[in-house]
Amino acid sequence: MKKPIILTVDDDAQVLNAITRDLRQEFRQEYRILSVNSGPEALKTLDELRARAEPLALVLADQRMPEVEGVEVLTRARELFPDTKRVLLTAYADTSAAIRAINSAQLDYYLLKPWDPPEHLLYPTLEDLLAAWQATHKPRYDGVRLIGFQWSPLSHELKDFLSGYMVGYQWLDYETSPEAQALVKARGFGPTDLPLVLCADGAAVPRPTKGLLAEHLGIANKPQQELYDVVVVGAGPSGLAAAVYGASEGLKTLVVERQTPGGQAGTSSRIENYLGFPTGLSGAELAFRAWTQAVRLGAEFIAPQEVSSLCIQDGYKVLTLSNGSEVRTKAVILTTGVSYRTLDVPGMDRLSGAGVYYGAARTEARSCDQEDVYIVGGGNSAGQAAMYLATYARRVFIVIRGANLSASMSAYLIEQIRNTPNIELLPHSHIREACGQDHLEAVVVDRNGTVEKRPARALFVFIGTRPSTEWVCEQVICDGKGFVLTGRDLVQDPRYGQVWKKDREPYLLETCVPGIFSAGDSRAGAMARVASAVGEGSMAIKFVHQYLDE
Ligand SMILES: Cc1cc2nc3c(=O)[nH]c(=O)nc-3n(C[C@H](O)[C@H](O)[C@H](O)COP(=O)(O)OP(=O)(O)OC[C@H]3O[C@@H](n4cnc5c(N)ncnc54)[C@H](O)[C@@H]3O)c2cc1C
């Protein structure tokens, strides 16, 4: 930890030497002593200390200096470091100026020169002031801060985005945090500019888009190369595995992700069945490890960028991104996975992001402290969310249409839920309505025909998924539900003969367009497991090599 600083300023070299010597003698074990010889120099030092977020405990300034007086230095110190203790050094003749400064600069003390002996006239006063500073000083938080309203959907999106990139951030609710209000005002913003992101580099970004926020976090959003060997669309487990294998095997590999790395797995609070992690790990951690690994091996990432279309030009595949730019590549791996189905009852759309969440249990769990929350769905993702939320919420209700969880959830999760006293299963039930003005306040639950309105802080929905393939279904053959057909499944489809013109059959993960592959949950017949998605992503790279060798 950095030692706190005592800054002293005096234009008289002799006095400056004397005060510096005395301060060092008594305080140097615990404090760094900085001394400067003019008012302008002191103002500059204060700015620099602030920019470096140094802890400034005390400023001792001589009043009578030619360009900038001591009071001005102390006033500036107060603006930049509100909790710093401020002491004016004065000659007897300047006592009245010092007394006036008690109000104007909110002086903590004035010391008369000379202060001999320091054991009586200097140290006791400064020790008291430093003890008071230590008691109230909160070490400054230097990371990213997100200031907004708890029920703002945009705030929720940004929280999700930051967590997805494992960016440690401090969330400050504008309504309840005086610190948040002060920070917003100090940067010249108001409530209509929220959410406001204060970045670690000092930038303040009001109502940022995810793209803008990504730029400030140093995440690339433009491809670096003219042509790639392989572009992977989607950075879920499957896409991340393809990136690791592609880059490690020397392919020029680009991954395009529309949100955050990890895909569905990234939203999982605890994955317990992934090989090699006996105590489980969070999806975000798994994603971050894989992402770091792929980047280290040389894969290029751009995000948040959505691929909106795909076509073939001069034998190359050309992908169009949501910002209109294009990427050329020899091969493509589609690893776009699936997205959550929405629950179609009154109030859900309106309150989405303001108490109604799709798969966001991790991001919003803390805001549910000691409240009642509801989960809709009986699959493993719902079970994991229930276990995670139960550590924060007062009660967690799982709403399912069936009689029990055995048909849809793994046995280990059912057992964990059974042993968690604050989780209650509501069988033969469904949600009829989400209620609330500007945020969720209650849900209407139908239990076997009995309808009841129950208070709810949050409603988390896990009712199945659909493949994220709308944009590509015209290029590649999909099944009736939109899952991409590959390999043997494709060969058996009646449309195969009309589109496949190569002498060979498609490779195992190849779509009806040679050189375009599909892996993971968006592929017809996929297993919807992290391990199988990872397996398919890595296998796809083997087929890319075979295709490029043709
Ligand atoms: C909450 C939850 C918990 C789970 N827990 C487990 C578990 O414990 N064990 C287990 O084995 N499985 C678990 N699963 C299932 C597992 O997470 C999925 O099977 C796995 O994530 C599928 O990986 P994927 O890469 O195929 O697709 P996804 O994970 O769905 O990733 C697809 C990615 O593609 C991106 N994308 C989509 N379209 C585009 C586009 N046009 N342009 C750019 N990017 C795009 C998406 O943003 C996403 O990041 C869980 C799923 C959920 C939702």
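This write-up is about the structure you can find in this document.

## Considerations on the overall build of the protein
Alright, step 1. The secondary structure content of the protein amounts to 18 helices and 26 strands.
Alright, step 2. Relative to the 2.2 N^0.38 estimate, which gives 24 Å for 550 residues, the radius of gyration of the protein is 31 Å and therefore markedly larger than a compact globule would have.
Alright, step 3. Oriented by its inertia axes, the alpha-carbon framework of the protein measures out at about 100 × 65 × 45 Å.
Alright, step 4. Across the 550 residues of the protein, 53% fall into the buried class.

## Points about a negative patch on the surface
Alright, step 1. Taken together, the side chains of Glu26, Asp116, Glu119, Glu127 and Asp128 make up a negatively charged region of the molecular surface.
Alright, step 2. As for its placement among the helices and strands, Glu119 is situated in helix 5 (residues 118–121).

## Section: the environment of Leu183
Alright, step 1. Within the fold, Leu183 resides in helix 8 (residues 178–186).
Alright, step 2. If we skip the residues at most four places from it in the chain, Leu183 touches Arg145, Ile147, Leu172 and Leu198.

## Thoughts on the pairing of strand 13 (residues 307–313)
A regular strand carries its side chains on alternate faces of the sheet.
Alright, step 1. Sheet topology note: the strand 13/strand 14 (residues 316–321) ladder contains six bridges and is antiparallel. When the sheet's bridge partners are listed, Ser309 is paired in strand 14 with Thr320.
Alright, step 2. Taking the residues that link successive antiparallel strands as the turn, the strand 13-strand 14 hairpin has two residues, and the phi of Asp314 there is positive, at about 50°.

## Describing the packing of helix 14 (residues 380–390) against helix 15 (residues 411–418)
Alright, step 1. Contact geometry for helix 14 and helix 15: axes closest at 10 Å, N-to-C directions at 30°. If you check the angle between helix 14 and helix 15, you find them roughly parallel. Once helix 14 is placed against helix 15, the crossing between them reads as left-handed. Mapping the contact onto sequence places Asn380, Gly383, Gln384 and Met387 in helix 14 and Tyr412, Leu413, Gln416 and Ile417 in helix 15.
Alright, step 2. Looking at the contact of helix 14 with helix 15, its residues break down into four nonpolar, four polar and no charged.

## Some words on the packing of aromatic side chains
Alright, step 1. One pass over the full model with this rule turns up 15 aromatic pairs.
Alright, step 2. Considering the side-chain rings of Tyr507 and Phe543, the 5.7 Å spacing of their centres and the 15° angle between planes classify their relative orientation as stacked. Pair noted here: Tyr507 is in the loop between helix 17 (496–499) and strand 26 (516–518) and Phe543 is in helix 18 (residues 530–549), with a separation of 36 residues, a long-range link.
Alright, step 3. With a relative accessible area of 15%, Tyr507 lands in the buried category.
Alright, step 4. Taking the relative accessible area as the measure of exposure, Phe543 reaches 10% and is therefore buried.

## Regarding the sheet that holds strand 22 (residues 442–447)
Alright, step 1. Read across the sheet, three strands follow the order 21-22-23 without closing on themselves; strand pairing throughout is antiparallel. Looking at the sheet topology across the chains shown, the edges are occupied by strand 21 (429–435) and strand 23 (450–455). For this sheet, the mean angle separating the axes of adjacent strands, direction not counted, is 25°.
Alright, step 2. As paired elements, strand 21 and strand 22 share six bridges and run antiparallel to each other. Paired with Glu433 across the bridge in strand 22 is Val444.

## Digging into the sheet that holds strand 19 (residues 395–399)
Alright, step 1. Taking strand neighbours across the sheet as the criterion, the five strands line up as 17-24-18-19-20 in an open arrangement whose pairing is parallel. Both edges of this open sheet fall to strand 17 (356–358) and strand 20 (423–426), since each of them pairs with a single strand only. The average angle at which neighbouring strand axes cross in this sheet is 20°, direction not considered.

Definitions and cut-offs
Residues numbered from 1 in each chain as written. Predicted model: local features only at pLDDT ≥ 70, side-chain atom pairs only at ≥ 80, totals over all residues. Heavy atoms only, no water. Helix = DSSP H or I, 4+ residues; strand = E, 2+ residues; numbered from the N terminus. Rg over C-alpha atoms; globule rule 2.2 N^0.38 Å. Buried < 20%, exposed > 50% of the residue type's maximum accessible area, 1.4 Å probe, protein only. Patch = residues over 30% accessible without salt bridge, like charges linked within 9 Å, V, L, I, M, F, W, Y side chains within 5 Å. Areas by Shrake-Rupley, 256 points an atom, 1.4 Å probe, with all protein chains shown as cover. Salt bridge = Lys/Arg side-chain N within 4 Å of Asp/Glu carboxyl O. Lys, Arg positive; Asp, Glu negative; His and termini not counted. Charge placed at Lys NZ, Arg CZ, Asp CG, Glu CD. Contact = heavy atoms within 4.5 Å. Pairing = 2+ DSSP bridges. Axes fitted to C-alpha atoms, helices over the stretch in contact; angles between N-to-C directions. Parallel < 35°, antiparallel > 145°, perpendicular 65-115°, else oblique. Left-handed = near helix turned anticlockwise from the far one by under 90°. Nonpolar A, V, L, I, M, F, W, Y, C, P; charged D, E, K, R; others polar. Phe/Tyr/Trp six-rings, centres within 6.5 Å; stacked < 30°, edge-to-face > 60°.

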